[in-house]
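Each chain, written out:
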Amino acid sequence: MDGRRLLPRALVGMSVVAALAGCSGSSDEAETPGLEPRGTVLTTVQPSRQDLTNKISLNGKVAINPVYGIVAPVDGELRYVQRQPSTTASTQATWVATVWDHGTPHKVLMPKNSILAGRLLDDRTTVTAGMPVISAKRAGYAVVADIDSALAYRISGSAKSVQGQIKNGPGPFPCKPLGTIAALPAGTIPEPPPVTPSPGATGDPAAQPEQPPAGGGEGSEPTGLRLVCTASKGIKLINGAAVTLEMVTGKASDVLVLPVEAVAGTQGKGKVDVVGADRVRKTVDVVLGLTDGKVVEIKKGLKGDETVAIPGPNLPAAPENPAPGDQPSGAVG
């Protein structure tokens, strides 16, 4: 009687063990639910259209006689005009250099109310349009704002407008930009060329032309990237006062844009990853325009109905010891 009772119980136990073994085997083979295959794009965005303004806020201060740079108007060969050092500001625009472009001269003018501070290049240097060639000092007060190099390409174009607000003081007020925002090398004022004496009509030494003053002046110190602008008339300025500047460098209407996170590249050129129906990335080249730091204009390369991956494509890694200017600029913005 006891043997007959033990046999069914043993059979039941063996069945349970077999069932558990079967469950364990199928569990090991099954993939974890809820995870996409490696490399699948999960975050995407489609281009949209909107009005875009490139607006940047800068922190500055009021300064006396700040230095700013004057650039070459065209490509060509630079020839400086001989100017003697002066401590008196010009009362009108002053001719300080000429850029010769295939036999055509283009004057470089220093604005009025300025003092020549130095030459930034050697005479007869080949220059490109927009290259700083002269440093000048603004006579009197102006507003100076240092610029982080990360913003250089966002503000490399001419400023459409600049508004200033003095902390606990006047504003907002228009602030007129002077020169370029590019960093300047040290400016030099060379020694005046020697004058060869020539006898007068009577041979009297007293008839010799007057010698120019000796000495080339002190020149100007190098500067980093910065904006120099002058306040509108009637605004009281105090040296050292803190100023907030709002700078607009460009506007565009109804343009195609993408979030900056979806774009990689440098000024004018970029890349995005377009996602196909199979959810596989394909990197395409695009032409970039304005950016407000959140979105960037896509001027060419996309039709507007594409699906684009976020984040954008990775740029090549920078070398361990890159030469100056060789590093990629990273994502736009």
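These numbers were taken from a predicted model, which means no experiment stands behind them.

For the rest of this paragraph, the subject is the side chain of T180. With respect to the helices and strands, T180 occurs in the loop between β12 (173–178) and β13 (226–231). In this structure T180 comes out as buried when scored by relative accessible area, which is 18%. Side-chain polar atoms of T180 contact the backbone nitrogen of A182, separated by 3.1 Å. Setting aside residues up to four positions removed in sequence, T180 forms contacts with G69, V71, P132 and R226.

Below, the discussion takes up unusual backbone geometry. The peptide bond linking G171 to P172 adopts the cis configuration, its omega dihedral lying at -5 degrees. The residue P172 is located in the loop between β11 (161–166) and β12 in this model. With an omega of 0 degrees, the peptide bond between I310 and P311 qualifies as cis. Along the polypeptide, P311 turns up in the segment after β19 (308–309). The backbone phi angle of H102 is positive, close to 50 degrees, even though this residue is not glycine. As for its position among the elements, H102 is in the loop between β5 (94–101) and β6 (104–110). Looking at H102, the relative accessible area reads 81%, which means it is exposed. Even without glycine at this site, R279 takes up a positive phi of about 60 degrees. Assignment of secondary structure puts R279 in the loop between β16 (269–275) and β17 (281–291). Relative accessible area serves as the criterion here: at 36%, R279 is assigned to the partly exposed category.

Applying the stated criterion to the full structure yields one disulfide. Each sulfur in the disulfide pair C175 and C229 lies 2.1 Å from the other. Handedness of the C175-C229 disulfide follows from its S-S torsion of about 85 degrees: it is right-handed. Residue C175 is located in strand β12, and its partner C229 is located in strand β13; the two are separated by 54 residues in the primary sequence. We classify C175 as buried; its relative accessible area is 4%.

Before going further, it helps to examine the environment of E261. Looking at the secondary structure, you find E261 in the loop between β14 (242–259) and β15 (264–266). Distance from E261 to I310, taken between C-alpha atoms, is 6.3 Å for residues 49 residues apart in sequence. Each residue touching E261, except ones within four places of it in the same chain, is listed here: K294, I310, P311 and G312.

Let us now look at the sheet that holds β5. Sheet strands associate in pairs through backbone hydrogen bonding, adopting either a parallel or an antiparallel arrangement. Spatially, the four strands line up as an open sheet ordered β6-β5-β4-β8, and their pairing is antiparallel. The two strands at the open ends of the sheet, each matched to only one other strand, are β6 and β8 (126–127). Pairing analysis gives two bridges linking strand β4 (residues 76–80) to β8, with the strands arranged antiparallel. If you follow E77 over to β8, its bridge partner there is T126.

Glancing now at empty space enclosed by the protein. Enumeration over the complete set of coordinates arrives at two cavities of 30 Å³ or more. Roughly 40 Å³ of volume is contained in the second largest cavity. Contributing to the lining of the second largest cavity are V67, Y68, G69, L178, T180, A182, L184, T223, R226 and V228. Listing elements by their share of the lining of the second largest cavity, those giving two or more residues are β3 (67–71) and β13. By residue class, the composition of the lining of the second largest cavity is six nonpolar, three polar and one charged.

With that settled, the discussion passes to the packing of aromatic side chains. By the definition in use, this model includes zero aromatic pairs. Directly above the aromatic system of W95 lies the positively charged group of K107, at a separation of 4.6 Å from the ring centroid.

A few words on the nonpolar core. Counting 21 residues, the largest nonpolar core has L58, I147, V162, L227 and L245 as the members making the most contacts within it. Counting only elements with at least two residues in this core, the list comes to β2 (48–64), β10 (141–146), β11, β12, β13 and β14. Once you skip the residues sitting within four places of it in the chain, L58 turns out to touch A145, I147, L151, L227, V243, T244, L245 and M247. Of all hydrophobic cores here, the second largest spans 20 residues; its members include V74, L78, I134 and L178.

Right, let's get into the sheet that holds strand β7 (residues 114–119). Read from one edge to the other, the open sheet built from three strands follows the order β3-β9-β7, with strand pairing classed as antiparallel. On the outer flanks of this sheet lie β3 and β7, each paired with one strand and no other. Ignoring strand direction, the axes of neighbouring strands in this sheet form an average angle of 35 degrees. The pairing of β7 with strand β9 (residues 132–138) spans five bridges and is classified as antiparallel. Bridge assignment links R119 to a residue of β9, and that residue is I134.

Reading the values: the criteria
- Residues numbered from 1 in each chain as written.
- Predicted model: local features only at pLDDT ≥ 70, side-chain atom pairs only at ≥ 80, totals over all residues.
- Heavy atoms only, no water.
- Helix = DSSP H or I, 4+ residues; strand = E, 2+ residues; numbered from the N terminus.
- Buried < 20%, exposed > 50% of the residue type's maximum accessible area, 1.4 Å probe, protein only.
- Polar contact = N/O pair within 3.5 Å; in protein donor to acceptor, adjacent residues only side chain to side chain.
- Contact = heavy atoms within 4.5 Å.
- Disulfide = S-S within 2.5 Å.
- Pairing = 2+ DSSP bridges.
- 1 Å grid on protein atoms, 1.4 Å probe; cavity = no way out; pocket = protein on both sides within 12 Å on 5 of 7 lines; lining within 4 Å.
- Points joined across faces, edges and corners; volume = space filled by probe spheres on them.
- Nonpolar A, V, L, I, M, F, W, Y, C, P; charged D, E, K, R; others polar.
- Phe/Tyr/Trp six-rings, centres within 6.5 Å; stacked < 30°, edge-to-face > 60°.
- Lys NZ or Arg CZ within 6 Å of the ring centre and 35° of its normal.
- Core = buried A, V, L, I, M, F, W, Y, C linked by side-chain atoms within 4.5 Å.
- Axes fitted to C-alpha atoms, helices over the stretch in contact; angles between N-to-C directions.

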